[in-house]
Protein chains: 2
Amino acid sequence: MRYSYVSHLECPKCDLIYRKDEVHHLCECGSPLLVRYDLEALGRDIKPDALVEREQNLWRYHEWLPVEDTANVVSLGEGMTPLVPMAKLGKEIGLFHLYMKDEGMVPSGSFKARGAAVGISKAKELGVEEIAMPTNGNAGAAWSLYAARAGIKATIVMPVDAPEITRRECVVAGANLHLIDGLISDAGKTVAQAVKDFGLYDASTLKEPYRIEGKKTMGLELAEQMNWAMPNVILYPTGGGVGLIGIYKALLELKEMGWIEGNLPRLVAVQSTGCAPIVQAWQDKKSSSDYWENSETQAFGINVPKAIGDFLVLDAIYQTNGCAVAIDDQTMLKELHTIAQIEGAFICPEGAAAFAAARELKNKAWIGEEETVVVLNTGQGIKYPDTVESHPPVLKKGEPLTRP
Amino acid sequence: MRYSYVSHLECPKCDLIYRKDEVHHLCECGSPLLVRYDLEALGRDIKPDALVEREQNLWRYHEWLPVEDTANVVSLGEGMTPLVPMAKLGKEIGLFHLYMKDEGMVPSGSFKARGAAVGISKAKELGVEEIAMPTNGNAGAAWSLYAARAGIKATIVMPVDAPEITRRECVVAGANLHLIDGLISDAGKTVAQAVKDFGLYDASTLKEPYRIEGKKTMGLELAEQMNWAMPNVILYPTGGGVGLIGIYKALLELKEMGWIEGNLPRLVAVQSTGCAPIVQAWQDKKSSSDYWENSETQAFGINVPKAIGDFLVLDAIYQTNGCAVAIDDQTMLKELHTIAQIEGAFICPEGAAAFAAARELKNKAWIGEEETVVVLNTGQGIKYPDTVESHPPVLKKGEPLTRP
């Protein structure tokens, strides 16, 4: 049995095929490339039971991943995050089967660790010596750390407004970090120039084909954790959209192999009202989005005015009869506090937006109370201290405390 | 088969026995109480193979835990943290089998989640309505969150110098938080008074017997992850010492059941030179420690001038032929950066101190290069932003970046 069943790269727009063992970025038509596998052979060689005793991280799905030699795997134990029942919140919302897949519990505290683990491992396999990428913070942090582990250099550019802690993660990992007085799209232009000037490996969202394969494991895990019976609805906070695209890709691959059956879950892209290009495009029934001018939101991870993979996100929504929802910052912060106070989970604002969207879609009866609903929390609340105001009283030694 | 094999509480100092189904704190002799199990029956009823297909969190060891009714389990999916090979660091130090058990990958980002999950679950089972505790930050954060999930109120007192993020975790969870202009020992006095004044449940370190049972699962997991063949040395950053006591208790229980054999791992308590009461006591061959005056260290979690369980920590060290090591702040911060830069792991200063201790003990030939060594990293680096200085250059839109 092979370690990986990867076969080739394919353009989802023009169907052009590329070799798997060479460095490729976008298709010559400008589209991102997708990784394809020999799923027929894989389906013959492996059955779900074979997974049971495997290691508890995303590499348990190595056949569905692009790394061909186990010696190139760069891992900090990422993946197999818990699927946490949210019974009290569900009762309040009126959803009786509500779950959170908690992506805070991975190295660097955000789901970006998955893309970084697989992306850096494949970069190592391809002989890459230095990567470069724009980021809203968390991806840069994760890629800097995994690059350090792989012995690969990293050049990172992030907006000055990105979460402060993510700067320090890049710096402690030894990355070459620059801030930019602008948005991630401005950072992207600077990185594109540096890639050209210095011959770096462009690790920008969807400009290399492997990050999505790491994100895909969220879908594989979810399917296995639910014993191959899928939920009715999956909600995902959507900036660049790779998480949602990855989950959709996982579900398609499992369906092709016959491991899951019936309708796929309805996929919901959740954005901020301050930056909602996908929501706008979906409302207009369009297949791609327009640049969102003057975007702004406290959920920094989803402040992406124009995603290169927008057409893939929209396709996933349309194909699954999903939808797209925008949540304002005040509503998402209220949800964040509610979830901490009744469920004991301190989640990131992006994750809170997705829960708020579940609440809104239940109120509109787009989700029924007996449906099984999974919300992806994409990171730990501790990376976003500013979401919580704290003014505790200060006692002198020996001074008694007061109770509310 | 029973869900829990708990039988009673026992005083390790005067051997007095207490009932398992009542609220108890310290023994009447002043010592912490330990939870005892019917290990003989458990050994008859279960074999290691039975664990393989269980859920991937600490509740897979429910027979070794004090919660008797599964309905009282309060869980966010904590436990089964990865055991990460540290090959590059090991090569640099001269240790060829070096591993990190990464306790950052749990809810709230520190190992305190284990004690909180089990402690709060048992408090729920005992009908507790409000807990109170002093904390150096991480424990208060974890207990606040799990208490919120359980519907239990929490009163928390922490030093003003405790990590800022941990305040916000308490507040977002709805805890009644007070800061105190002093150390955790001062916070402890205030809590003791509040416990008396308001009839609260005292959840201070080792003043309730169940936190240690949660910590114990680190030892159970380690044994299972190493296929019941134990490492030669385990290093643990030691403040209150419950982690180390818990691991030792796990090993003793497994040994009594015959699941592990031979010498136990040598246990190493790692402290800061700015607060090293256990190290001092060990050097003086004493069985308990003296209050450490004017303690100070950036590794705030191990700034505990006098631990109530000091005699249990020292006993674990003596019984396993272990030792105690103090590391200065500069050395631990250097180790923290080295680990991020070559292993890609951004760990907490307490964890970095334990790695620095491994390096020192290898240099002194107290650890041999072929020995298997496990270092516990007790939390995520992202909870301690001040350990990393960051002054990245800021670009204007369109400005090209520079490379080092």
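Computed from a prediction, not measured in an experiment: that's the story for all the values here.

Colleague: It is not clear to me how the packing of helix α4 (residues 138-150) of chain A against helix α5 (residues 164-172) of chain A should be interpreted in this structure. Could you clarify?
Modeller: Describing two packed helices takes the angle between their axes plus the distance from one axis to the other. Residues and elements named next belong to chain A. Viewed as axis vectors pointing N to C, α4 and α5 meet at an angle of 15°, and their least axial separation amounts to 8 Å. With respect to their mutual orientation, α4 and α5 come out roughly parallel. Where α4 crosses over α5, the handedness of that crossing is left-handed. In this structure, α4 uses Asn-138, Gly-140, Ala-141, Ser-144 and Leu-145 to contact α5, whose residues at the interface are Thr-166, Glu-169 and Cys-170. A class-by-class count of the residues in the contact of α4 with α5 yields 3 nonpolar, 4 polar and 1 charged.

Colleague: How should the interface of chain B and chain A be read in this particular structure?
Modeller: Interface size is often expressed as the accessible area that is lost when the parts come together. In this complex, chain B contributes 74 residues to the contact, which on the side of chain A involves 74 residues. Buried surface at the junction of chain B and chain A, summed over both partners, amounts to about 6,000 Å²; 64% is from carbon and sulfur atoms. Where chain B packs against chain A, one counts 4 salt bridges. Close ionic contact of Glu343(A) with Arg149(B) constitutes a salt bridge, the shortest N to O distance being 2.8 Å. In terms of residue class, the side of chain B that touches chain A is made up of 38 nonpolar, 19 polar and 17 charged. Direction of pairing for strand β14 (residues 394-395) of chain A relative to strand β8 (residues 176-180) of chain B: parallel, over a ladder of 2 bridges. Within β8(B), the residue paired with Leu395(A) across the bridge is Ile180(B).

Colleague: Where do I start with the UniProt feature "domain: Tryptophan synthase beta chain-like PALP" (unreviewed entry) in chain A in this structure?
Modeller: Summarizing the sequence annotation, UniProt attributes the feature "domain: Tryptophan synthase beta chain-like PALP" (unreviewed entry) to residues 74-379 of chain A in the numbering used throughout. As annotated, residues 74-379 of chain A has a helix share of 44% and a strand share of 17%, and its two end C-alpha atoms lie 21 Å apart.

Colleague: Is there a simple way to explain helix α10 (residues 310-319) of chain A in this structure?
Modeller: The α-helix advances 3.6 residues per turn, and as a result positions three or four apart in sequence lie on the same side. Residue and element names in this part refer to chain A. Counting buried positions along α10 gives 7 out of 10 residues, so the element sits mostly inside the fold. Taken as a whole, α10 has its buried residues at Asp-310, Phe-311, Leu-312, Val-313, Leu-314, Ala-316 and Ile-317. The inward-facing, buried residues of α10 contact α8 (242-256), β11 (266-272), α9 (277-283) and β12 (323-327). Taken from the residues just after α10, Asn-321 is the one with a positive phi, measuring 55°.

Colleague: Mind showing me how you'd approach the relation of the copies chain B and chain A here?
Modeller: Copies of the same chain, two in number, are related to each other by a rotation about an axis and a translation along it. Structural alignment of chain B on chain A gives an RMSD of 0.0 Å, achieved by rotating through 180° and translating 0.0 Å along the axis. Both copies are brought into coincidence by an operation consistent with a two-fold rotation axis. Every residue of chain B has its C-alpha some distance from the rotation axis, and the shortest such distance is that of Met105(B), at 2.5 Å. When the interface residues of chain B are mapped onto chain A, 100% of them again lie at the interface, so the same face is used by both copies.

Colleague: So what exactly am I meant to see when it comes to the packing of aromatic side chains here?
Modeller: Within a pair of aromatic rings, the relevant descriptors are the distance that separates the centres and the angle that separates the planes. Following the criterion strictly, the structure yields 8 aromatic pairs over all chains and no others. Through successive ring pairs, a cluster of aromatic residues spans Tyr61(A), Trp64(A), Trp228(A) and Trp259(A). Over the aromatic face of Phe311(A) sits the side chain of Lys13(A), whose NZ or CZ is 4.2 Å from the ring centroid. Between the NZ or CZ atom of Arg266(B) and the centre of the ring of Trp366(B), over which it lies, the distance is 4.5 Å.

Colleague: Could you clarify how one ought to interpret the sheet that holds β14(A) in this entry?
Modeller: Sheet strands associate in pairs through backbone hydrogen bonding, adopting either a parallel or an antiparallel arrangement. Reading across from one edge, β14(A)-β8(B)-β7(B)-β6(B)-β9(B) is the order of the 5 strands in this open sheet, with parallel pairing throughout. Both outer strands of the open sheet, β14 of chain A together with β9 (201-202) of chain B, are each paired with one neighbouring strand and no more. Sheet analysis places strand β6 (residues 130-134) of chain B next to strand β7 (residues 153-159) of chain B, joined by 5 bridges and oriented parallel. Across the sheet, residue Ile131(B) finds its bridge partner in β7(B), namely Ala154(B).

Colleague: Explanation requested: the side chain of Lys215(B) in the structure shown.
Modeller: All names here are of chain B. Looking at the element boundaries, Lys-215 is found in helix α7 (residues 211-225). Although Lys-215 is buried, it forms no salt bridge, and the closest oppositely charged side chain is Glu-208 at an N-O distance of 8.6 Å. In contact with Lys-215, other than residues within four places in its own chain, are Phe-111, Lys-112, Arg-114, Gly-115, Val-242, Gly-243 and Gly-246.

Colleague: Would you mind going over the state of the cysteines with me for this structure?
Modeller: Put plainly, a disulfide is one covalent bond tying together the sulfur atoms of two cysteines. Residue and element names in this part refer to chain A. One pass over the structure, following the stated rule, counts 0 disulfides over all chains. Considering cysteine sulfurs only, Cys-11 is the nearest to Cys-29, which forms no disulfide, with 3.6 Å between them. Residue classification places Cys-29 among the partly exposed residues on the basis of a relative accessible area of 39%. Cys-323 forms no disulfide, and the closest cysteine sulfur to it belongs to Cys-275, at a distance of 18 Å.

Colleague: What am I meant to see in the pattern of salt bridges here?
Modeller: When charged atoms on two side chains of opposite charge get close, those side chains can pair. Inspection of the entire model under this criterion finds 54 salt bridges over all chains. Residue Glu10(B) pairs with Arg36(B) through a salt bridge whose shortest N-O separation is 3.1 Å. Of the two residues, Glu10(B) sits in strand β1 (residues 6-10) while Arg36(B) sits in strand β3 (residues 34-37), which places them 26 residues apart along the sequence. Linking Lys216(B) and Glu253(B) is a salt bridge whose minimum nitrogen-to-oxygen distance equals 2.9 Å. Of the two residues, Lys216(B) sits in helix α7 while Glu253(B) sits in helix α8 (residues 242-256), which places them 37 residues apart along the sequence. One salt-bridge network, in which partners are shared between bridges, spans Lys101(A), Glu103(A), Arg114(A) and Glu221(A).

Colleague: How should I be thinking about the sheet that holds β3(B) in this particular structure?
Modeller: Residue and element names in this part refer to chain B. The 3 strands are arranged β2-β1-β3 in an open sheet whose pairing can be described as antiparallel. Whereas interior strands pair on both sides, the edge strands pair on one side only; in this sheet they are β2 (17-18) and β3. Where β1 meets β2, 2 bridges bridge the pair, whose relative direction is antiparallel. Bridging across to β2, Glu-10 finds its partner in Ile-17.

Calculation rules
- All residue numbers here refer to positions counted from 1 along the written sequence of the relevant chain.
- Lettering of chains starts at A and numbering of ligands starts at 1, both following the order in which they are written.
- Owing to the predicted nature of the model, reporting of local features is limited to residues with pLDDT of at least 70; listing and counting of side-chain atom pairs is limited to 80 or more, with chain, interface and lining totals taken over all residues.
- The basis for every side-chain value is the complete set of heavy atoms in the structure, and neither hydrogens nor water enter the calculation.
- Axis angles are defined between N-to-C directions and span 0 to 180 degrees, where every axis is a line fitted to C-alpha atoms and, for a helix, only to the segment in contact.
- Under the DSSP-based scheme used, a helix requires at least four consecutive residues in state H or I and a strand at least two consecutive residues in state E, with every element numbered from the N terminus.
- Throughout, the term roughly parallel applies to angles under 35 degrees, roughly antiparallel to angles over 145, roughly perpendicular to angles from 65 to 115, and oblique to all others.
- Note: crossing handedness is left-handed where the near helix turns anticlockwise from the far helix by less than a right angle, and right-handed where it turns clockwise.
- What makes two residues a contact is simply this: any of their non-hydrogen atoms within 4.5 Å.
- Charged means Asp, Glu, Lys or Arg here, nonpolar means Ala, Val, Leu, Ile, Met, Phe, Trp, Tyr, Cys or Pro, and polar covers whatever is left, Gly included.
- Put simply, buried area is the surface a 1.4 Å probe can reach on two separate parts but cannot reach once they are joined, added for both.
- Here, a salt bridge means any Lys or Arg side-chain nitrogen found within 4 Å of an Asp or Glu carboxyl oxygen.
- A pair of strands is labelled paired if DSSP reports no fewer than 2 bridges between them.
- UniProt positions are given in the numbering used here, feature names are shortened, and annotations may be inferred rather than shown by experiment.
- Note on classification: 1.4 Å probe, protein chains only; a residue is buried when its accessible area is under 20% of the maximum for its type, exposed when over 50%, partly exposed between these limits.
- In this comparison the copies share one frame, found by least squares on the C-alpha atoms of residues holding pLDDT of at least 70 in both.
- Aromatic contacts are taken between Phe, Tyr and Trp rings whose centres are within 6.5 Å, Trp giving its six-membered ring; a plane angle under 30 degrees counts as stacked, one over 60 as edge-to-face, and the others as tilted.
- Criterion for a charge above a ring: Lys NZ or Arg CZ within 6 Å of the ring centre, and within 35 degrees of the ring normal.
- In this tally, Lys and Arg are treated as positive and Asp and Glu as negative; His is ignored, and so are the chain termini.
- Here, two cysteine sulfur atoms that lie within 2.5 Å of each other are counted as a disulfide.

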